[in-house]
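A closer look at the structure
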Amino acid sequence: MIPDSEIKELREALVNSTRPLVFFDDDPDGLCSFLQFYKLNPECHGVVFKKAGSLDAEFLRKVGEYHPDAIFILDIANVDQEFLDKVKNAYWLDHHSPSERKNVKYYNPMIKSKGKDNKPISYWAYKITGESSWLAMTGCVGDWFLPPDIRKKFDEEYPGLIDKKIKKPEDALFKSKIGTLSRALSFILKGKTKEVMDCVKVLTRIQHPNDILEQSTSRGKFIWKKYLKTNSIYNLLIKSVKVTKDKIILFKYSSDKTSLTSEMSNELLFRYPKKFIIIAREKNGEMKCSLRSSKYKVRIILKKALQGIDGYGGGHLHACGAAVKATDFDRFLENIRQQL
Ligand SMILES: [Mn+2]
């Protein structure tokens, strides 16, 4: 967990900042964390982090342009020391494997819990800001997490958006309205940074989830339209996945632009929790993979499978990302298969 003293410290830093710059991950958890920060302090200037790899010196340009008095880094797993050395007053809030860095205030629930507590950043953002249970839920559900304490508040404030009977996060993600919203946000984060940030700007002005879900405002309509555009590509792809008796579900496609591997693998995991799911997108001679399984320990299998392979990867115990040279992909696959 993150102790109350640290929650308070973050809240004060955010409230007292006159020029906060916020880097956030490009998934619903990262986005909803930013939106909650924005609700508490509308001076927040957001930068979506769309890169595979780390927040590195390249992003110092953003710092130079904006001149922030405080920098917040939300839901980003890797930040280079070189970046941190050149900035002042940085706060980094993350729930991936803990890092050791200097010149930054670092908050991670995994540290005190010895790896047991990896609640999403949207959860902590709600503790910090007290803002918008619907944003907290949308972000948490996107990370396969259903926090009972926020759920209670959310059910009071937004009845009907999650059926009372739903108890599992994956059911919330695929069978509830808030899950639809979470997947919609995931899809609007695809595409070019400029377009994404236009959507994010609109999202900062949305007051109620039904603005989007029922397209009851023009802003909500705008977001919904963007979602449908990506959703049509997504539906075509997921329909072409073949499921056999094999323990592995493997799907390969090639696209320069839209990465939908993580969303596809999540939906397949929901439908086939006992399989080992590999969705791979080929780009520039590299296979960018999302790996999922409820049955198998994906991170451990992945680590072994990468031995002697030109590639890298990691993540959570049952959900990982990896990139492997296309020429090594068959060998990589065989290394996985041997362990199942
Ligand atoms: Mn997250």
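Going by the structure above, here's the rest.
Now for a description of the structure that goes with this document. (Residues numbered from 1 in each chain as written. Predicted model: local features only at pLDDT ≥ 70, side-chain atom pairs only at ≥ 80, totals over all residues.)

What to know about the packing of helix 10 (residues 177–188) against helix 13 (residues 218–239)
Inclusion rule: Lines fitted to the C-alpha atoms define the axes, with helices restricted to the stretch that makes contact. Angles between their N-to-C directions range from 0 to 180 degrees. Secondary structure elements follow DSSP: runs of H or I of four or more residues count as helices, runs of E of two or more count as strands, with numbering from the N terminus. Should an angle lie under 35 degrees it is considered roughly parallel, over 145 roughly antiparallel, and from 65 to 115 roughly perpendicular; all remaining angles are considered oblique. Residues are treated as contacting if the C-beta atoms built from their backbones sit within 7 Å of each other. Following the grouping adopted for this structure description, the nonpolar residues are Ala, Val, Leu, Ile, Met, Phe, Trp, Tyr, Cys and Pro, the charged ones are Asp, Glu, Lys and Arg, and the polar ones are all others, Gly among them.
Viewed as axis vectors pointing N to C, helix 10 and helix 13 meet at an angle of 80°, and their least axial separation amounts to 8 Å. Relative to helix 13, the element helix 10 lies roughly perpendicular. Residues Ala184, Phe187 and Ile188 of helix 10 form the contact with helix 13, whose own contacting residues are Ile223, Lys226, Tyr227, Thr230, Asn231 and Tyr234. Considered class by class, the residues forming the contact of helix 10 with helix 13 number six nonpolar, two polar and one charged.

Overview of helix 11 (residues 193–204)
Note the cut-off: Expected helix span is given by 1.5 Å per residue-to-residue step, counting one fewer step than there are residues. Working definition of burial: number of other C-beta atoms within 10 Å of the residue's own, with buried at 20 or more, exposed at 12 or fewer, and partly exposed in between, all C-beta atoms being placed from the backbone. What the arc measures is the spread of directions leading from the helix axis to the C-beta atoms.
Its 12 residues give helix 11 an end-to-end C-alpha distance of 16 Å, which sits within 8% of 16 Å, the value for a rise of 1.5 Å per residue. By the burial criterion, the buried members of helix 11 are Cys199, Val200 and Leu203. In an axial view of helix 11, the angular spread of the buried residues amounts to 105°, which keeps them on one side of the axis. The exposed set on the far side of helix 11, more than 90 degrees from its buried face, consists of Lys194 and Lys201.

Focus on the environment of cysteine 289
For cysteine 289, the location among the structural elements is in strand 8 (residues 286–292). In sequence terms cysteine 289 and isoleucine 238 are 51 residues apart; their C-alpha atoms lie 15 Å from each other.

Focus: unusual backbone geometry
A negative phi angle is the norm for most residues apart from glycine, just as the trans form is the norm for most peptide bonds. Phi at histidine 67 takes a positive value of approximately 50°, unusual for a residue other than glycine. Mapped onto the secondary structure, histidine 67 falls in the loop between helix 3 (60–66) and strand 3 (70–74). Look at asparagine 103: it is not a glycine, yet its phi comes out positive at around 60°.

Interpretation in functional terms is not warranted from these geometric data alone.
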